[in-house]
Amino acid sequence: MDCTPSVMKIDKTGVLQALNPADYFTLAMDEEIRSESMPGSLCGFGFELDSMPKITLLRARIDELSQRFPLILASLQQRGNRFYWCERQQNEAIFFQHDYPEKEKSELFIQTQLESLLNHSQKRDEIMPLSFHLLHSKNKTVLLLRWIHPLCDAVGASLILQYLCTDDIEQRKQFNNPESESLVNLQLKKFSLWQKIKLFIKAKRYITTLDQQQSIIHAADKKPNKLQLTAYKLSIEQTTKINQLARKHVGLIGISLYYIGCFMRALERMNPEKTGDAYCVPYAFNLRKQRVLTPLLNNHVGVLFAQASREQVNHRSELFEHLKSQNKQVIRQQIDYAFLPIMWAASFLSLKKHGENLRLSYQHKTERSSFWFSNVNLSDLGKQSLCGTKIKGISNLCQISSPPGIALLTCEYQQQLSLNYNYIDPLFKRSFIDELHQLMLEELLTP
Amino acid sequence: MKAHLREFIFQELIFVASVEDFSNDDDLLEAGLDSMGIMRLIMFIEDKFNVVLPDTEIDPDNVKSINTLEKWIVRHQS
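Below you will find a few notes about this structure. Remember, predicted model here, so these are calculated numbers, not experimental data. (Residues numbered from 1 in each chain as written. Chains lettered and ligands numbered in written order. Predicted model: local features only at pLDDT ≥ 70, side-chain atom pairs only at ≥ 80, totals over all residues. Heavy atoms only, no water.)

Residues and elements named next belong to chain A. Spatially, β5-β6-β7-β2-β12 is the arrangement adopted by the five strands of the open sheet, whose pairing is mixed. Of all strands in the sheet, those bounded by a partner on one side alone are β5 (95-99) and β12 (391-398). Within the sheet, the average angular offset between the axes of one strand and its neighbour, ignoring direction, is 20°. Sheet topology places strand β6 (residues 130-137) next to strand β7 (residues 140-148); eight bridges connect them, and they run antiparallel. Pairing of Leu130 across the sheet is with Trp147, part of β7. (Pairing = 2+ DSSP bridges. Helix = DSSP H or I, 4+ residues; strand = E, 2+ residues; numbered from the N terminus. Axes fitted to C-alpha atoms, helices over the stretch in contact; angles between N-to-C directions.)

Moving on: a nonpolar patch on the surface. Residue and element names in this part refer to chain A. A cluster of nonpolar side chains, namely Leu193, Trp194, Ile197, Phe200 and Ile201, defines an oily patch on the protein surface of about 510 Å² accessible area. Checked against the element boundaries, Leu193 lands in helix α7 (residues 193-210). Using a relative accessible area of 58% as the deciding quantity, one classes Leu193 as exposed. (Patch = residues over 30% accessible without salt bridge, like charges linked within 9 Å, V, L, I, M, F, W, Y side chains within 5 Å. Areas by Shrake-Rupley, 256 points an atom, 1.4 Å probe, with all protein chains shown as cover. Salt bridge = Lys/Arg side-chain N within 4 Å of Asp/Glu carboxyl O. Buried < 20%, exposed > 50% of the residue type's maximum accessible area, 1.4 Å probe, protein only.)

Applying the stated criterion across every chain, the model contains 28 salt bridges over all chains. Its salt-bridge partner being Lys173 of chain A, residue Glu170 of chain A comes within 3.3 Å of it at the nearest N-O pair. Across the salt bridge formed by Arg40 of chain B and Asp336 of chain A, the nearest N and O atoms sit 2.7 Å from each other. One end of the pair, Arg40 of chain B, is in helix α2 (residues 35-49); the other, Asp336 of chain A, is in helix α12 (residues 335-346), on a second chain. A relative accessible area of 14% means that Arg40 of chain B is categorised as buried. With a relative accessible area of 0%, Asp336 of chain A lands in the buried category. What emerges from the salt-bridge pattern is a single network uniting Arg265, Arg269, Arg316, Glu442 and Glu443 of chain A.

The structure is reproduced here in structure tokens:
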């Protein structure tokens, strides 16, 4: 009797690369967002420029980038049960210029275009993984770098911009050199099989503990319609003061925790009547070394959670002490790395099942995330010009699943903190966000 | 001790163009050591050198360079 397992033949024609476990993690979220009739996991960095860049030079550099990294022009396709980056029949343009019509209000044009480009809906295997959009109005120029999350994480996207900012061709050759395999896989290789199993069990137990408390969700129970962005850039004085207060409350090791804690408190002040026991916030940490130029593409992240009960959120100093010790315990017990075997195992599930595991509390079968959070450090970008112009401000955008329908993306650039509230209309309204921002400022600046 | 610290920092935490040119007095924070990196570095130090570094002393003066890290560790070893 033939006992060999039957292996389904996969058509590997035109396959450039398989997805790594962290890519699958973002692909599962892409599927979750698409299942809500939204565009999938589109992300963006909006770089406000001092003036128009040299278009010919910018176009040439983008062409060079896409020739060196063909994944940028690839199509994300399912073959059998797995997903792969595949060659396209025909390459499409990835650089676009959008000039504003004279009759429109200048400020409104840029904002409308940014939101429109992030709400652009296209089939997963048709959409270009990365595209550049130069938005130009009477007194403002913004270069939008838009990508789908399975292509790369935020650090990878910032490396792409750094590549465009690098004038010396020899220095550009240093990007993605040497080529590196997935950092998630490299980290997993450091553990023996038994260590992986122990880590897997440890992470499952940790999530089960988190799920004992039902997460507080502020989104209205409505069908998602479109992503909106409200961005605020704080002054140098405000940013300096916030950094000093963060140092005081969470020390040198927890600036992200300070933002998260303040946002929990601002939301709680907006509506203390919301049902639930605790705020639970997933956030990614990058596996790349700092300042390294490789790997450029794909996702190289693990996941952490910050969770605080309503009681803790209501007591400011206790909240920061709790978030700090929670974070320290997670790293000391290697729970941060324990999520990697889970990520690897989940990559073999269907996208639907994977998405459910990511989002739904085991105990309550409701959404686990109160809001999404990401903090990126782009201070290095300020040291270079971009094709003859300077970057003077940065906003970051991302599509979000609903619920939670809200993400706080923070970024400090040239000593100015920007708070980017990404939210799904009509789950949240602009008036709510404006009021929330005032409370957030109060929280950030409270001694 | 310095060799162990250098090996861990440059293998795991930050990338510098030339490790040889990075002196033990050079600024680690300016070289990109971030909050997550500091946490991992402290865990490494506590395991490797069998010390407990108090939270209240995690400040720029102590984590500034390889040399200041060494002094900080030695203070807690005795």
